[in-house]
Amino acid sequence: MKLIKSMMMAASVAMVTAPMALPTAAAAQEWPFVGGEYSMMTGIFIKDGGSYKYAQYLATEWARNQDFAKSQGWITGYKMYGNVYAREGEPSIYLVVTFPSIPDAAEDERRAEAYDAWSKKTIEENEAAAGNRAEYRTVMGAMLLQEFKKR
């Protein structure tokens, strides 16, 4: 019985002190990646009969808005991807916008004001336009991804 208690005590001490016994070289290692740019990927389901209307919107107004954001340095690029072999319940298209960093609240407010001045549309007009697109498309969700770059 004494031997079992001694073994259990030794095992407990080993478990507690093992993390502290790491070789110095291992403790000094850096993570092999650094964070890069962010990409926001939005999945859109296009309803039957809405493909052309939505394509027209993307090729004109959406691209124009992205070009403005790029000219301001807010984003570094944007792309549209068609889901060629979409399965039941998957988005028809993915919209991807890439940017260097996530703005804080003050910067976000400044950008909104600059966009409103540039677009010459009121908040109500922008909201109405977004609501009208609901007749031919559904936003299925979005992901925020960050690029990992090798050190």
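Quick note: structure is the one above.
Residues numbered from 1 in each chain as written. Predicted model: local features only at pLDDT ≥ 70, side-chain atom pairs only at ≥ 80, totals over all residues. Heavy atoms only, no water.

Student: Sorry if this is basic, but what is going on with helix H3 (residues 51-71) here?
Tutor: Note on helix geometry: an α-helix contains 3.6 residues per turn, so any two residues three or four positions apart are oriented the same way. With 21 residues, H3 extends 28 Å between its outermost C-alpha atoms, agreeing within 8% with the 30 Å of an ideal straight helix rising 1.5 Å per residue. At Leu-58, H3 shows its largest kink, close to 35°. (Helix = DSSP H or I, 4+ residues; strand = E, 2+ residues; numbered from the N terminus. Expected span 1.5 Å × (residues − 1). Bend = angle between axes of the 7 residues up to and from the residue.)

Student: What am I meant to see in the nonpolar core here?
Tutor: What tends to happen in soluble globular proteins is that the nonpolar side chains get buried as a cluster. Judged by nonpolar contacts, the single largest core of 17 residues is most densely connected at Tyr-54, Leu-58, Ile-93 and Leu-95. Within the residue set of this core, elements represented by two or more residues are strand E1 (33-46), H3 and strand E3 (93-99). Of the residues forming this core, the biggest block, 6 residues, is contributed by H3. Leave out the neighbours within four places in its chain, and Leu-95 touches Met-40, Met-41, Thr-42, Ile-44, Tyr-54, Leu-58, Trp-62, Lys-79 and Met-80. (Core = buried A, V, L, I, M, F, W, Y, C linked by side-chain atoms within 4.5 Å. Buried < 20%, exposed > 50% of the residue type's maximum accessible area, 1.4 Å probe, protein only. Contact = heavy atoms within 4.5 Å.)

Student: Just to check I follow, could you spell out the sheet that holds E1 for this structure?
Tutor: Consider a sheet: its strands pair through backbone hydrogen bonds, and that pairing is either parallel or antiparallel. The 4 strands lie next to each other as E2-E3-E1-E4, forming an open sheet whose pairing is antiparallel. Of all the strands in the sheet, just strand E2 (77-82) and strand E4 (137-150) have a single pairing partner and so form its edges. Taking the axes of each pair of neighbouring strands and ignoring which way they run, one obtains an average angle of 20° across the sheet. Taken together, the 6 bridges between E2 and E3 define a ladder with antiparallel strand orientation. By the bridge assignment, Gly-82 is partnered in E3 with Ile-93. (Pairing = 2+ DSSP bridges. Axes fitted to C-alpha atoms, helices over the stretch in contact; angles between N-to-C directions.)

Student: Could you clarify how one ought to interpret the pairing of E1 in this entry?
Tutor: The two faces of a sheet get side chains in turn, since along a regular strand they alternate between them. Looking at chain direction, E1 and E4 are connected through 12 bridges and run antiparallel. Considered in E4, the bridge of Phe-45 is made with Thr-138. Here 7 bridges tie E1 to E3, and the two strands are oriented antiparallel to one another. Residue pairing in the sheet places Thr-42 in a bridge with Leu-95 of E3.

Student: Explanation requested: the pattern of salt bridges in the structure shown.
Tutor: Side chains carrying opposite charge are able to pair once their charged atoms draw close together. Inspection of every chain in the model, using the stated rule, returns 6 salt bridges. With its nearest N and O atoms 2.8 Å apart, the salt bridge here joins Lys-121 to Glu-61. A residue pair is termed long-range when its members are at least 10 positions apart, and Lys-121 in the loop between helix H4 (105-119) and helix H5 (123-132) and Glu-61 in helix H3 qualify at 60 residues. On the basis of relative accessible area, Glu-61 is assigned to the partly exposed category, the value being 24%. Across the pair Glu-107 and Arg-111 runs a salt bridge, and its minimum N-O distance is 2.8 Å. Placement of the pair is Glu-107 and Arg-111 together in helix H4, with a separation of 4 residues, close to one helical turn. (Salt bridge = Lys/Arg side-chain N within 4 Å of Asp/Glu carboxyl O.)

Student: For this particular structure, what's the right way to read a nonpolar patch on the surface?
Tutor: A contiguous nonpolar patch, built from Trp-31, Phe-33 and Phe-148 and spanning about 390 Å² of accessible area, is present on the exposed surface. Here Phe-148 lies in strand E4. Overall, Phe-148 belongs to the exposed group, its relative accessible area being 58%. (Patch = residues over 30% accessible without salt bridge, like charges linked within 9 Å, V, L, I, M, F, W, Y side chains within 5 Å. Areas by Shrake-Rupley, 256 points an atom, 1.4 Å probe, with all protein chains shown as cover.)

Student: What am I meant to see in the layout of surface pockets here?
Tutor: A water-sized probe rolled over the atoms picks out the places where empty space is left. There is about 1,200 Å³ of room inside the largest pocket. If you trace the largest pocket, you find 31 residues lining it, with Trp-62, Asn-65, Gln-66, Val-97 and Tyr-115 closest to the centre. When contributions to the lining of the largest pocket are tallied by element, the ones reaching two or more residues are E1, H3, E3, H4, H5 and E4. Here the lining of the largest pocket gets 8 residues from one element, more than from any other, and that element is H3. (1 Å grid on protein atoms, 1.4 Å probe; cavity = no way out; pocket = protein on both sides within 12 Å on 5 of 7 lines; lining within 4 Å. Points joined across faces, edges and corners; volume = space filled by probe spheres on them.)

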